[in-house]
Amino acid sequence: MRKTLSSLRKMYRSGEKIACLTAYDAGFAHWVAEAGVDVILVGDSLGMVVQGHATTLPVTLDEVVYHTQMVQRVNRTAWCIADLPFMEDVDLATTLKAAGRLMKEGGANMVKLEGGKRILDRVQAMAEIGIPVCCHLGLLPQSVEKHGYKVQGRDEETAVRILKEALELQSAGADMLVLECIPAALAEQITRELNIPVIGIGAGADTSGQVLVLHDILGITLGKPPSFSKNYLQESASIQEALSSYVQDVKSGAFPADCHLIA
Ligand code: KIV
Ligand code: NA
C-alpha cells in the first residue's frame, strides 16, 4: 500500500523515523521503493546529478514533470514529492499552475518549494486547494548564486529567522518541512516546536527523518560528495543492499552518525 500523508503523520507521532531518498527514473524508483523508502523526492538536484549542471537553477518544470512521471509509473509504495523548480514560485498564479502540473501530469503526491516568509501566501493557497506542501529551509540550493553552498543558521539572527519561518510555514498550511545544512541543535529545536514531520539533510540526527541524494549514497555523484552524506555502496554487494542499509540506518538512528554531522 502506498504511504499517505496520514500514514506518514502516524509514523511521525509514534516516533518512527521517516526514510526519504531522491529518485529520478523508473529503474531506481522501483528499487528505492522496494527497499522500503517511505518518501521518494524527485528533487531538482536532478539538474546536477542527472543533467550535469553546476546548480539546480537550469532545471525546468517540464523536466521535473517528466522525471516524476517516470518515478510514479512504477512506484507503488512510497509517498512522492516533486520539487518546484527555480522561478516557478515567483508569484501565486505561476506557483499554482506549476504545482498543478506536478500533481496532474507528473502524478506527484506533494509539492516542495524553497523559502520562508516570501512564499507564505503560496503555501496557504496550495493548502486550501488540497495540494500537500513540503517546505524547505536552511541552505536553499535555488539561491546558491547569492548565498553559496554554506551552512545556514550558525549565527543567532539567522537561527531565529529560520525557526520563525518554520512556524509561519506550518501555520500557513505546510504538511512537512525539509531542513538543509543547519546546525543539529537548531534542527532539533525546530523539530520539537513544530507538529509536522521535519526531514533533515545535513541537519543532525534529531529530526523526524532523513533525506539524501540517491547518487551520493551510491557513490556516483560527479565531484566531491557532501560530507553529511554516506556512500552505502562501498559496504554493500549490490545497489539493492545499499538502499536497504540506508533505510535500516535511518530507522535505527545509525544514520547520521557523528562523522556525518556538520561542524
Ligand atoms: O533536490 C533535492 O534533492 C533536494 C534535497 C536535497 C532535499 O531538495
Ligand atoms: Na531540491
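Cut-offs used in this document
Residues numbered from 1 in each chain as written. Chains lettered and ligands numbered in written order. Predicted model: local features only at pLDDT ≥ 70, side-chain atom pairs only at ≥ 80, totals over all residues. Axes fitted to C-alpha atoms, helices over the stretch in contact; angles between N-to-C directions. Helix = DSSP H or I, 4+ residues; strand = E, 2+ residues; numbered from the N terminus. Parallel < 35°, antiparallel > 145°, perpendicular 65-115°, else oblique. Left-handed = near helix turned anticlockwise from the far one by under 90°. Contact = placed C-beta atoms within 7 Å. Nonpolar A, V, L, I, M, F, W, Y, C, P; charged D, E, K, R; others polar. Core = buried A, V, L, I, M, F, W, Y, C linked by C-beta atoms within 7 Å. Buried ≥ 20, exposed ≤ 12 C-beta atoms within 10 Å, placed from the backbone. UniProt positions renumbered as here; feature names shortened; annotations may be inferred. Pairing = 2+ DSSP bridges.

Asker: Outline the packing of helix H5 (residues 92–104) against helix H6 (residues 120–129), listing residues and values.
Answerer: Packing of H5 against H6 leaves a shortest axis separation of 10 Å and a crossing angle of 45 degrees. Taken together, the axes of H5 and H6 are oblique relative to one another. The handedness of the crossing between H5 and H6 comes out as right-handed. Contact with H5, carried on its side by Leu92, Thr95, Leu96 and Ala99, involves Asp121, Arg122, Ala125 and Met126 of H6 and no other residues of that element. Broken down by class, the residue content of the contact of H5 with H6 amounts to five nonpolar, one polar and two charged.

Asker: Explain the packing of H6 against helix H8 (residues 156–172) to me, using residue names and the numbers behind them.
Answerer: It is at 8 Å that the axes of H6 and H8 come closest, and there the two elements cross at 30 degrees. By the angle between their axes, H6 is roughly parallel relative to H8. The hand of the H6/H8 crossing is right-handed. Two secondary-structure elements touch here, H6 through Leu120, Val123, Gln124 and Ala127 and H8 through Glu168, Leu169 and Ala172.

Asker: Which residues make up the nonpolar core, and what values do they have?
Answerer: Counting residues in hydrophobic clusters, the biggest one holds 82 residues, and the most contacted among them are Leu21, Val32, Val37, Ile40, Val111 and Leu177. When residues in this core are grouped by element, the largest group, five residues, is from helix H11 (residues 239–252). If we ignore the near neighbours within four places in the chain, the residues touching Ile40 are Leu21, Ala23, Ala29, Val32, Ala33, Val71, Asn75, Ala78 and Cys80.

Asker: Which residues make up the UniProt feature "binding site: Mg(2+)" (unreviewed entry) in the protein chain, and what are the values?
Answerer: Under the local residue numbering, the UniProt record ascribes the feature "binding site: Mg(2+)" (unreviewed entry) to Asp44, Asp83 and Glu114. For this annotated set, covering 71 residues, all C-alpha atoms fall within 11.0 Å of each other, a compact arrangement in space. The residue Asp83 is located in strand S3 (residues 79–83) in this model. Look at Asp83 and you get buried, because 31 C-beta atoms sit within 10 Å. Residue contacts for Asp83: discarding those within four places in its chain leaves Val42, Gly43, Asp44, Val64 and Lys112. Within the fold, Glu114 resides in strand S4 (residues 110–114). Classification of Glu114 as buried rests on a count of 23 C-beta atoms within 10 Å.

Asker: Give a detailed account of the pairing of strand S8 (residues 209–212), specifying residues and quantitative values.
Answerer: Of the two faces of S8, the one lined by Gly209 and Val211 and the one lined by Gln210 and Leu212 are each fully buried. For strand S7 (residues 198–201) and S8, the ladder comprises two bridges, and the chain directions are parallel. Across the sheet, residue Gly200 finds its bridge partner in S8, namely Gln210.

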